[in-house]
Amino acid sequence: MGQIIIIGVNHRTAPVEIRERLAFPPEAMGRALRGLLEKESLKEGVILSTCNRVEVCSLARQGFLGTAEVKEFLAAYHAIPSEELNGYLYHYEGDEAVKHMFRVASSLDSMVLGEPQILGQVKDAYGYGAEFQTIGPILDKFFAKTFSVAKRVRTETRVASSAVSVSYAAVELARKIFGELSDKTAMLIGAGEMCELAARHLLSAGVRGIMVTNRTFERAVKLAEEFGGTPIRFDELPVHLKRADIVLSSTGAPHFIIRKHDVEEVIRIRKNRPMFFIDMAVPRDIDPDANQVDNVYVYDIDDLNNVIDLNLEERQKEAVKAEEIVEEEVRAFRRWLDAQQVTPTIITLRRKYEEVKNVEVAKAVSMLGAEDPKTRKVVESLASSLLNKILHAPIASLKKDADGRNQMELVALVREIFDLPEASGRTEDGDSAETGQTTRE
Amino acid sequence: MHVLLLKATTAFYLVGSVLYLYFIVTLKERGARLGRMFLMAGVVLHAAGFALRYAEAGYTPVTNLFESLSFFALTIAGAFLVVEIRYNLRTLGAFVAPLAFAFSIFAAFLPGEVAGLAPALNSYWLPIHVLLLFIGDAVFAVAFGAGIMYLLQEKQVKSKRMGPLFRRLPSLEVLDEINYRCLTIGFPLLTMGIITGSIWAEYAWGSYWSWDPKETWSLITWLLYAALLHGRLTVGWRGRKAAILAIIGFCAVLFTFLGVNLLLPGLHSYSNLSR
C-alpha cells in the first residue's frame, strides 16, 4: 500500500532565496497538487508551504521511487536545476516521515519553538489536499492524527505557554500588573516597529484606548488613525502622561525623554495607580531608575529579552515531554498503518483468483457445450468452493493478529507466492477507505 | 458529638490546604476543585458543630479559648470561600486555607467540654460583639493572604526575575483589589465590634473604656487599619504599602486575640489557657 514520504526544505536547510523560489502560493495549489499526482508512484499528496518551510507529503507506492519523483516534480515545477535543489532538500520515509510531520505540526521543528501559527498552516495544507482531492484514506487518517498529536502536545505540555516575542512578553507582563486590560489606556511614543507591534497586541488584548504621540504630529495622526486612537502633540506629552497606564516608547531621542522625577510626579497625580513603561528605544527613552518608584515598572528591551530567554528555556524543557508524546503517537500510527496492509492484500488476492475462476468456468462451460443452466451452475459452484477452500488458509492467516510484528513480512510473502501485482490503483484505496476512514477528528 | 465535629473539621481543613498547595505546585485543576469541596464540607460540618453546641450550652459558644479558636477557623474558611468563589482566585487557597487549619488544630489540642458561662458574659451583647469581631478578623486574614501574594508577585515584576510563582499568582491589580475590598468590609466590622464591646463594658463593668490590654490592643489594631483605609482613600496608598499594612494589621489582630489572652492578664481573660 505504499509509504508516507516527505520531501522539503525549511529555515535550517535552505536560505530564504531558495525557500521563496520553492514556495507554492495558494492560487497555484490546485495545479501543483494535480501535477504532483501525475507522477507514476505517487498516490496521495499534500503540499505545505509557509515562509519557513516548503514540504511535499505524499503516499508513494515505493518510498525511494516516490522521493525521486517528488524531487523531480519540485525541480520541474519551479524550474530549478535538480543538482542545485538537491543540496537543500531533506527527505523522510515511513516512520521518519510520520514523526517529522507530527513534530512540525506540534511546532517542535519551528524556528521559534512552540509558535502557534504552524498548526493552522498545516491545516490549510490539508484543506487544499481535500479541496483538490489529492488526499486518500491514508493521508486523511495521517493528518487527522497529526492534528490530534499537535493538540495533545499543546494541552499536555507548556511548550507554547509563555511569550517568546518581545511584544507578547510586554502584553503578558501588562496582564500580570493590571489583570483586566479593558479599562486601561496605553500611550505610544515614537514609531518603532516593535512598539507598534506591541501596541497592536495590547489592543487585541482589549486595551480600552491608545494615545499616540510623535515628534512629527502628522505621523502621530496617521498612526492614531490606524490604531483608532487619539493623536497627541509631542510637547503636550507631560500633560497626558497621567492618563496612560501603559507607556510604550521608542523614539530616536539621544537622552531620556521621561526622567525619574517626571514619573514620581505623574504617579503622585495618579494617586499611585500603577504604571507600566515599556522602553524599546536604544538609547533608552525612560530613565531606568524610575523603576524604583513604587507602583511603577520600567522594562527596557534587554529586560524583555531576558524574560523571553527564560520562557524559551522553559519551552526547551517542555519540548522533551513533547518529543515523548510524538514518539508514542508515531508508534500508534505505525500500528494503524500495519493493520491497513492486510485488507488491500486480501482484496487483490480474491480479485485475481476470481478472474482466473471466471475464465476457467467459461472455458469449461463452452467445452461441455451444455446450454442448460443446471450444468453451468454445477461447474460454477465447484469452482467457487474450490477457490474458497484454497484461499481460506492464506486469508485467515493474514487476518489473524493484524497488529502482529510479522504482518508486513507476511503480506510480502503472500504477495510473492500468489504473484500479486504491486498494490496499486485507486480502487484499493477506495476499499481500504471503508476500514480506515472511520476516525476523523 | 459537637466536640468531635468541631475537632474533626481540622482534618477537612488540612486536606483542603494540602489540595490547594498541590494545585499551586502542579497547576492541576482538580487540586483546586477538590480543595474547595473539602473546605466547603469542613465549613458545613463546623457550622453544624457550633449549632449543636449552642443548643446544648444555651449560649453562643465563643467564650473560651477552644471555642474562640475553633470559631475563628470557621470564619476564616468561610470568608476565604466567599472571596475565592467571587474572584475565582484558586491560588489564594494555598495562602489562606492553612490559616484555617492552623487555628483549627490549635483548638483541637484544647479541652472541648462545655464549661458553663461566666456570669459576666451572660448577655445579649456576647454574640453581637464576638461575631462582629471574628468575622472582621477573618476578612483581615484573607487580606493578609492576599498581601503576602502581592508582595511575592510584586517582587518578581519589580526585580524582573520571574520564578515559577510568576505564572501561578494572579495579577497585582486583583490582589490589590482584594486588599481594598477586605479593608472596606473588615474595618466597619472591627469598628462596630469595638463599639458594641464598649457599650457592653458600660453595662457589665460600669465603664465604656478601661484600658484593659485587650481594649488597648484592639485600639492599636483599629488605628492601623484606619490609617490604611485613610491612606488608601486620600493619598492612594495601594500596592506594596497596602499589602505590608494588611500583613502588619493581621499580626496586630493575632496579638489582640491570642497574645493578649495568653500573655497579658486583664478583664478579658475568659479565654486564656488556664480555663
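Residues numbered from 1 in each chain as written. Chains lettered and ligands numbered in written order. Predicted model: local features only at pLDDT ≥ 70, side-chain atom pairs only at ≥ 80, totals over all residues. Heavy atoms only, no water.

## Focus on the overall build of chain A
- The secondary structure content of chain A amounts to 16 helices and 10 strands.
- For 441 residues, the compact-globule estimate of 2.2 N^0.38 gives 22 Å, and chain A exceeds it by more than 25% at 32 Å.
- Each of the three principal axes of chain A carries a C-alpha extent, and together these read 115 × 45 × 40 Å.
- In chain A, which comprises 441 residues, the proportion classed as buried is 52%. (Helix = DSSP H or I, 4+ residues; strand = E, 2+ residues; numbered from the N terminus. Rg over C-alpha atoms; globule rule 2.2 N^0.38 Å. Buried < 20%, exposed > 50% of the residue type's maximum accessible area, 1.4 Å probe, protein only.)

## With respect to the pattern of salt bridges
- Summed over all chains, the structure comprises 36 salt bridges over all chains.
- For the salt bridge of B:Arg90 with B:Glu29, the shortest nitrogen-to-oxygen distance reads 2.4 Å. Of this pair, B:Arg90 sits in the loop between helix H3 (65–87) and helix H4 (93–108) while B:Glu29 is found in helix H2 (residues 29–57), placing the two residues 61 residues apart along the sequence.
- Since its relative accessible area comes to 25%, B:Arg90 is described here as partly exposed.
- Judged by its relative accessible area of 43%, B:Glu29 falls in the partly exposed class.
- Each of the salt bridges in this network shares a partner with another, and the network as a whole consists of A:Arg12, A:Arg53, A:Glu55, A:Arg103, A:Asp109 and A:Glu323. (Salt bridge = Lys/Arg side-chain N within 4 Å of Asp/Glu carboxyl O.)

## A short note on the interface of chain B and chain A
- Opposite the 23 residues of chain B that make contact, chain A presents 27 residues.
- Each partner contributes to the roughly 2,000 Å² buried at the junction of chain B and chain A, and carbon and sulfur atoms together form 46% of this total.
- In this structure, the connection of chain B to chain A is made through four salt bridges.
- Across the pair B:Lys160 and A:Asp303 runs a salt bridge, and its minimum N-O distance is 2.8 Å.
- Where chain B meets chain A, there are 16 residue pairs in polar contact (both at pLDDT 80 or more).
- Counting residues per element, the side of chain B that touches chain A draws most heavily on helix H5 (residues 125–159) of chain B, which supplies six residues.
- Its residues placed into classes, the side of chain B that touches chain A shows 10 nonpolar, six polar and seven charged. (Contact = heavy atoms within 4.5 Å. Buried area = accessible area lost by both parts, 1.4 Å probe. Polar contact = N/O pair within 3.5 Å; in protein donor to acceptor, adjacent residues only side chain to side chain. Nonpolar A, V, L, I, M, F, W, Y, C, P; charged D, E, K, R; others polar.)

## Overview of the environment of B:Asn122
- Summarising the element assignment, B:Asn122 is placed in the loop between H4 and H5.
- Considering only alpha carbons, one finds B:Asn122 and B:Tyr59, 63 residues apart in sequence, at a separation of 8.0 Å.

## Concerning helix H12 (residues 260–269) of chain A
Residue and element names in this part refer to chain A.
- The complete set of buried residues in H12 reads Asp262, Val263, Val266 and Ile267. Viewed end-on, H12 has its buried residues packed into an arc of 125°, placing them on one side of the element.
- Contact partners of the buried residues in H12: strand S9 (275–279) and strand S10 (296–300).
- Immediately beyond the C-terminal end of H12, within one or two residues, lies lysine 271, with a positive phi of roughly 50°. (Arc of directions from axis to C-beta.)

## Topic: the sheet that holds strand S4 (residues 90–93) of chain A
Residue and element names in this part refer to chain A.
- Strands sit in the order S2-S3-S1-S4 across an open sheet of four strands; the sheet is antiparallel. If you trace the sheet from one side to the other, it starts and ends with strand S2 (42–49) and S4, each paired once. If you compare each strand with its neighbour and ignore which way they point, the axes differ by 15° on average.
- Pairing geometry for strand S1 (residues 3–10) and strand S3 (residues 53–60), over eight bridges, is antiparallel. The residue of S3 that forms the bridge with glutamine 3 is alanine 60. (Pairing = 2+ DSSP bridges. Axes fitted to C-alpha atoms, helices over the stretch in contact; angles between N-to-C directions.)

## Points about the sheet that holds strand S6 (residues 209–214) of chain A
Residue and element names in this part refer to chain A.
- Across the sheet, six strands lie side by side as S7-S6-S5-S8-S9-S10; this open sheet has parallel pairing. Across the chains shown, the open sheet's two edge strands, defined by having one partner strand only, are strand S7 (230–233) and S10. Here the average twist between neighbouring strands, direction ignored, is 20°.
- Direction of pairing for strand S8 (residues 246–250) relative to S9: parallel, over a ladder of four bridges. What sits directly across from leucine 248, in S9, is isoleucine 278.

## Remarks on the packing of aromatic side chains
Residue and element names in this part refer to chain B.
- One pass over the full model with this rule turns up 27 aromatic pairs over all chains.
- With centroids separated by 4.7 Å and ring planes inclined at 55°, the aromatic side chains of phenylalanine 72 and phenylalanine 103 adopt a geometry described as tilted. Linking phenylalanine 72 in helix H3 with phenylalanine 103 in helix H4, this pair joins segments that are 31 residues apart in sequence.
- On the accessibility criterion, phenylalanine 72 (0% relative accessible area) is buried. (Phe/Tyr/Trp six-rings, centres within 6.5 Å; stacked < 30°, edge-to-face > 60°.)

## As for unusual backbone geometry
- Backbone torsion omega between A:Val282 and A:Pro283 reads -5°, so that peptide bond is classified as cis.
- Within the element layout of this structure, A:Pro283 appears in the loop between S9 and S10.
- Positive phi outside glycine occurs at A:Asn295, with the angle close to 65°.
- Checked against the element boundaries, A:Asn295 lands in the loop between S9 and S10.
- With a phi close to 50°, B:Asn88 is a non-glycine residue in the positive phi region.
- Judged by relative accessible area, B:Asn88 falls into the partly exposed class, the value being 48%.

## Considerations on the packing of H5(B) against helix H9 (residues 239–263) of chain B
Residues and elements named next belong to chain B.
- Here H5 crosses H9 at 140°, and the two axes come no closer than 8 Å. Of the possible angle classes, the one that applies to H5 and H9 is oblique. Relative to H9, the crossing made by H5 is left-handed. Contact with H5, carried on its side by Phe134, Asp137, Phe140, Ala141, Ala143, Phe144, Gly147, Ile148, Tyr150, Leu151 and Glu154, involves Gly239, Arg240, Ala243, Ile244, Ala246, Ile247, Phe250, Val253 and Phe257 of H9 and no other residues of that element. (Parallel < 35°, antiparallel > 145°, perpendicular 65-115°, else oblique. Left-handed = near helix turned anticlockwise from the far one by under 90°.)

## Remarks on the nonpolar core
- Within the largest apolar cluster, 114 residues are counted, with the highest numbers of intra-cluster contacts made by A:Ile246 and A:Phe276.
- Element by element, the count of residues in this core is highest for H5(B), at 15 residues.
- Excluding its chain neighbours within four sequence positions, the residues that come into contact with A:Ile246 are A:Ala174, A:Phe178, A:Leu181, A:Thr185, A:Ala186, A:Met187, A:Leu202, A:Val207, A:Phe276 and A:Ile278.
- Counting 37 residues, the second largest nonpolar core, distinct from the first, contains A:Leu48, A:Val104, A:Ile118 and A:Phe143. (Core = buried A, V, L, I, M, F, W, Y, C linked by side-chain atoms within 4.5 Å.)

## A short note on the side chain of A:Glu329
- Of note, A:Glu329 is situated in helix H13 (residues 301–368).
- When neighbours within four sequence positions are excluded, A:Glu329 is seen to be in contact with A:Phe102, A:Lys145, A:Val149 and A:Arg152.

## Some words on the packing of helix H5 (residues 95–105) of chain A against helix H7 (residues 137–156) of chain A
Residue and element names in this part refer to chain A.
- At a minimum axis distance of 8 Å, the contact between H5 and H7 shows a crossing angle of 45°. Considering their axes alone, H5 and H7 lie oblique with respect to each other. Seen from above, H5 lies across H7 with right-handed handedness. The segment H5 lies against H7, with Ala97, Val98, Met101, Phe102 and Ala105 engaging Phe142, Phe143, Lys145, Thr146, Val149 and Ala150.
- Residue composition of the contact of H5 with H7, by class: nine nonpolar, one polar and one charged.

## Things to note about the state of the cysteines
All names here are of chain B.
- Tallied over the full model, the rule gives zero disulfides over all chains.
- Left unpaired, cysteine 182 is separated from the closest cysteine sulfur, that of cysteine 251, by 16 Å.
- By relative accessible area, which is 43% here, cysteine 251 ends up partly exposed. (Disulfide = S-S within 2.5 Å.)

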